[in-house]
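Each chain, written out:
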Amino acid sequence: MKDPTHRFRANRRRLLAGAVCVVLGGLAVLAGCAKYNTYYNAERHFNEAEHAREERLKLGEDVSRATAAQKQDYNLAIKKAQKILDEYPGHSLTDDALFLQGKSYQRIASYRMSIRKLDLLFTNFPQTSYLEESLFLQAVNYLMLGDAGRSQGLLDQLETKFPDSRFQSQALRSSGDNAYALERWDDAVVAYERFLERFPTAENWDDSSMRLAESLFELERYGEAVEVLQRVI
């Protein structure tokens, strides 16, 4: 999912830096321009990979695994962003670079590296504008590593801090998946029912319904489970 705030901040900085480069010139200013050009290239590779991902989603493809071309772009984004972190410590683009790396690592299923980068973001930039999406990404990271408890804690933070989050659909479904993985059937039922009620046209509606039905069976609420299965059919 594209982040409009992310694009706006980066574009604004890049355009401003470009204008300064043209008007002033000079070695010091050119060195500053290099920072923005490096980030621009990192973001360009990331956006190309994300565009390919969105096109695959439109075709109904499984995007849980990046293609070879996507992996190449995500890895280039990570490499360029690392240059910002290594060569320009403390720069205003540091949080942008960490977020870009965290999301890129997750897209190539390198969940532990994504966790490291996002933890650095949380620690050094607790008020970052990327906090909302980063909480969700981190929750998914832990879920993919099998730590449903920690994942749920992050989703709870997301709901508390951003009750109107655009990630609520995905967060509610992930809450259900967390409870399902932990065999907390009551919690799973509540989360899946909330998800299906609020987002009846969401992706994976049928998968969530099947898990809801299974959770109801585990609770011996057979009549309700049959009703859910009939809706799926």
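Going by the structure above, here's the rest.
Attention in this report is confined to the structure presented alongside it. (Residues numbered from 1 in each chain as written. Predicted model: local features only at pLDDT ≥ 70, side-chain atom pairs only at ≥ 80, totals over all residues. Heavy atoms only, no water.)

1. Thoughts on the overall build of the protein
Phase 1: When its secondary structure is counted, the protein shows eleven helices and zero strands.
Phase 2: Along its sequence from the N terminus, the protein presents helices and strands in the succession α-α-α-α-α-α-α-α-α-α-α.
Phase 3: Across the 233 residues in the protein, those meeting the buried criterion constitute 45%.
Phase 4: For the protein, the exposed area adds up to about 12400 Å²; of that, 53% sits on carbon and sulfur atoms. (Helix = DSSP H or I, 4+ residues; strand = E, 2+ residues; numbered from the N terminus. Buried < 20%, exposed > 50% of the residue type's maximum accessible area, 1.4 Å probe, protein only. Areas by Shrake-Rupley, 256 points an atom, 1.4 Å probe, with all protein chains shown as cover.)

2. Remarks on the packing of aromatic side chains
One pair of aromatic rings is described through two measures. These are the centre distance and the angle between the planes.
Phase 1: Counted by the stated rule, this structure contains six aromatic pairs.
Phase 2: When the ring of Tyr180 is compared with that of Trp185, the centres are 5.7 Å apart and the planes differ by 80°; the resulting orientation is edge-to-face. There is no split in this pair, since Tyr180 and Trp185 are both buried. (Phe/Tyr/Trp six-rings, centres within 6.5 Å; stacked < 30°, edge-to-face > 60°.)

3. Observations regarding the layout of surface pockets
Phase 1: In this structure, the largest pocket occupies an estimated 1200 Å³ of space.
Phase 2: At the level of secondary structure, the elements contributing two or more residues to the lining of the largest pocket comprise helix H2 (27–58), helix H4 (94–107), helix H6 (131–144) and helix H8 (168–181).
Phase 3: Here the lining of the largest pocket takes six residues from H6, the largest share from any one element.
Phase 4: The residue inventory of the lining of the largest pocket, partitioned by class, reads twelve nonpolar, seven polar and twelve charged.
Phase 5: Of the pockets and cavities examined, the second largest pocket occupies roughly 200 Å³.
Phase 6: Considering the residues around the second largest pocket, the lining is formed by 14 residues, among which Gln152, Asp156, Ser175, Ala191 and Arg194 are closest to the centre. (1 Å grid on protein atoms, 1.4 Å probe; cavity = no way out; pocket = protein on both sides within 12 Å on 5 of 7 lines; lining within 4 Å. Points joined across faces, edges and corners; volume = space filled by probe spheres on them. Nonpolar A, V, L, I, M, F, W, Y, C, P; charged D, E, K, R; others polar.)

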